[in-house]
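Overview (structure and organization)
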Amino acid sequence: MVVLKFGGTSVGSAERLKSLTALVSREDKVVVVLSAMSGVTNLLELIVEKANSFNLEKANLHLQEVEDKFLDTIKDLFSGSFLEKAAEIVGSRIALIEKDISSSKCDQKLILAQGELITTEIFSLYLNSIDVENHLLMATDFMILDENKEPDELKIQECIKPLMSNDFKLFITQGFIASTISGEIDNLKRGGSDYSASLIAAALDAKAIEIWTDIDGFHNNDPRFVDDTKPLEYLSFDEAAELAYFGAKILHPASVIPARNKSIKVWLKNTMEPEAHGTLVSDNYVSPGIKAVAAKDGITTIRIQSGRMLQAHGFLKKVFEVFDKYKTPIDVITTSEVAVSLTIDDKKYLHDIVEDLMTFGRVKVINNCSIVSVVGNHITSSPRAITKTYEAFETVPIHMISFGGSSNNITFVIDTENKIRSLRLLNNKIFQESNYV
Ligand code: ADP
Ligand code: ASP
Ligand code: MG
């Protein structure tokens, strides 16, 4: 059993969808996890936003864009009765969205799910039209979330196993979409299809996961901001997990964990260039040195300064209890004798958190921060890696440095306005041929 996930660009046109046929035809049993066609989830988010601000005219204009995109695609995929069937699929799902946005409060989760639903239904129908037998699975039947809205891995396994009928070799399902325990539609957050694939693979003890995207594997720096980035042939699970968690967009932050827990190797492959090696994430290739740099935006730094912290026990516990109360995860933390600084990326309860923290001392909030992480196996015990990393930040003001939390990463918190410059400086210092660490 292998699980193949295709992202937005990989299913972004009729031509791309057709090209998947060769990639999904294998000796093994295959579960294919699809994202929505590229751009669709963004449009659906926009539709919800406009509808909730009573701008129904704009919402309907964007809905028309979604409909046109799918209608253009099916025209190039089908003819005759298959085209009629595909038009019915698109028509009924667009009508569902139209009805929902006209109601008093539209259901964001239900609307966001339609992108993946239409894309998988069309792809499954396309395979039928060319006589490739396949079975469409509804993610809501097995991708179950617990009461904390986290995937319930035991439940997922319990629900998906019986669906793997022996009559089929090829299964198609939606990434991203999930269901709460009470049966309401939900999702795994933006970019969540990678996570779906990993959860499915873990539930089915798959022998491999392949994440097919628009680039030839994991690069050593963010190719959106830095020229001359290079694909990495191998990464360990720990390195990939840290990079994903600290912002490398190619992987959803949590997506490596289910695979790592079951030692299922993860390939990152390029749909435009299937012959390229890509990146293999596994436990077999643990090599020393800095592998890559990643950055995560939208970070808020909170600093709590308190004389009471001095020699007092239980202070940090009280601070953490505040974040626990508001279910807000902390990303990076540093402490001194009289202060503690930490970062969060979910600002929903920032106001309440700050108010509660003010009972302990002075609180300072720094908005618009980014986390920049340098990742590699045991780099914190390599003086050369440490020196090169710090040298790169010579001219960049830093709010926090986290070192030693894990032996695999050195993390900096800086103002977002300095992020791109920092990534480029790190690239020059670390990855240029002559001084490769
Ligand atoms: P998909 O729609 O297939 O899930 P994503 O857009 O989510 O694709 O992820 C692929 C993109 O991630 C690439 O096009 C690239 O711009 C971006 N990216 C950011 N950091 C990295 C990195 N370190 N290596 C490769 N790609 C990266
Ligand atoms: N379609 C969803 C998104 O755009 C999920 C995914 O692509 O992974 O975020
Ligand atoms: Mg993605």
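Heads up: the structure comes first, above all this text.
Everything in this summary refers to the structure shown in the same document. Just so you know, these numbers come straight off a predicted model, no measurement behind them. (Residues numbered from 1 in each chain as written. Chains lettered and ligands numbered in written order. Predicted model: local features only at pLDDT ≥ 70, side-chain atom pairs only at ≥ 80, totals over all residues. Heavy atoms only, no water.)

Time to look at the overall build of the protein chain. The helix and strand inventory of the protein chain stands at 13 helices and 16 strands. Relative to the globule expectation of 22 Å for 437 residues, the C-alpha radius of gyration of the protein chain, 23 Å, shows essentially globular dimensions. By its C-alpha atoms, the protein chain is 75 × 55 × 40 Å across when sized along the principal axes. Within the protein chain, the fraction of its 437 residues that count as buried is 52%. Pairs at least 24 residues apart make up 74% of the contacts formed inside the protein chain by residues separated by at least 6 positions. Accessible surface computed for the protein chain: about 19800 Å², of which carbon and sulfur atoms make up 50%. Each charge sign in the protein chain was given a centre, from 46 positive and 60 negative side chains, and these centres are 5 Å apart. (Helix = DSSP H or I, 4+ residues; strand = E, 2+ residues; numbered from the N terminus. Rg over C-alpha atoms; globule rule 2.2 N^0.38 Å. Buried < 20%, exposed > 50% of the residue type's maximum accessible area, 1.4 Å probe, protein only. Contact = heavy atoms within 4.5 Å. Areas by Shrake-Rupley, 256 points an atom, 1.4 Å probe, with all protein chains shown as cover. Lys, Arg positive; Asp, Glu negative; His and termini not counted. Charge placed at Lys NZ, Arg CZ, Asp CG, Glu CD.)

Phi angles above zero are rare outside glycine, and Lys149 is one such case at about 65°. Structurally, the position occupied by Lys149 is in the loop between β3 (135–137) and α6 (153–160). Although it is not a glycine, Phe176 sits at a positive phi angle of roughly 75°. With respect to the element layout, Phe176 can be found in the loop between β4 (170–174) and β5 (177–179).

Looking at ligand 2, the residues that line it are Ser35, Ala36, Thr41, Glu116, Phe176, Arg190, Gly191, Gly192 and Ser193. Contacts to ligand 2 include Gly192, whose backbone N or O atom sits 3.4 Å from an oxygen atom. The contact in question runs from an oxygen atom of ligand 2 to an N or O atom on the backbone of Ser193, over 3.0 Å. Contact with the protein chains hides 86% of the accessible area of ligand 2, taken as 260 Å² for the molecule alone. Among the residues forming the shell around ligand 2, the class breakdown is 2 nonpolar, 5 polar and 2 charged. (Near = heavy atom within 4 Å. Polar contact = N/O pair within 3.5 Å; in protein donor to acceptor, adjacent residues only side chain to side chain. Nonpolar A, V, L, I, M, F, W, Y, C, P; charged D, E, K, R; others polar.)

Adjacent strands of a sheet form backbone hydrogen bonds with each other and so pair up, either parallel or antiparallel. Pairing is antiparallel across the open sheet formed by 6 strands, whose spatial order is β12-β13-β11-β14-β16-β15. Strand pairing shows two members of the sheet lacking a second neighbour, β12 (333–335) and β15 (398–403), which therefore form its edges. On average, each strand axis in the sheet is tilted by 25° relative to the strand beside it, whichever way the strands run. Strand direction decides the pairing type here: strand β11 (residues 289–305) and strand β14 (residues 362–377), joined by 13 bridges, are antiparallel. Paired with Gly289 across the bridge in β14 is Asn377. Relative to strand β16 (residues 409–415), helix α12 (residues 383–392) is tilted by about 10°, and along the sheet it contacts β11, β14, β15 and β16. (Pairing = 2+ DSSP bridges. Axes fitted to C-alpha atoms, helices over the stretch in contact; angles between N-to-C directions.)

The full set close to ligand 1 counts 15 residues, and Lys5, Thr213, Asp214, His219 and Lys249 are the nearest of them. With respect to ligand 1, the side chain of Lys5 contributes an N or O atom lying 3.0 Å from an oxygen atom. Between ligand 1 and Gly8, the relevant distance is 3.2 Å, taken from an oxygen atom to a main-chain nitrogen or oxygen of the residue. Here ligand 1, which alone exposes 570 Å², has 87% of that area covered by the protein. Along the lines of polarity and charge, the residues of the shell around ligand 1 split into 4 nonpolar, 6 polar and 5 charged.

Moving on, we get to the pairing of strand β10 (residues 279–282). Of the two faces of β10, the one holding Thr279 and Val281 and the one holding Leu280 and Ser282 are both buried throughout. Bridge count between strand β8 (residues 234–236) and β10: 3 bridges; the pairing is parallel. From the neighbouring strand, Ser236 faces β10, where its bridge partner is Ser282. Strand direction decides the pairing type here: strand β9 (residues 265–270) and β10, joined by 3 bridges, are antiparallel. The residue of β10 that forms the bridge with Leu268 is Thr279.

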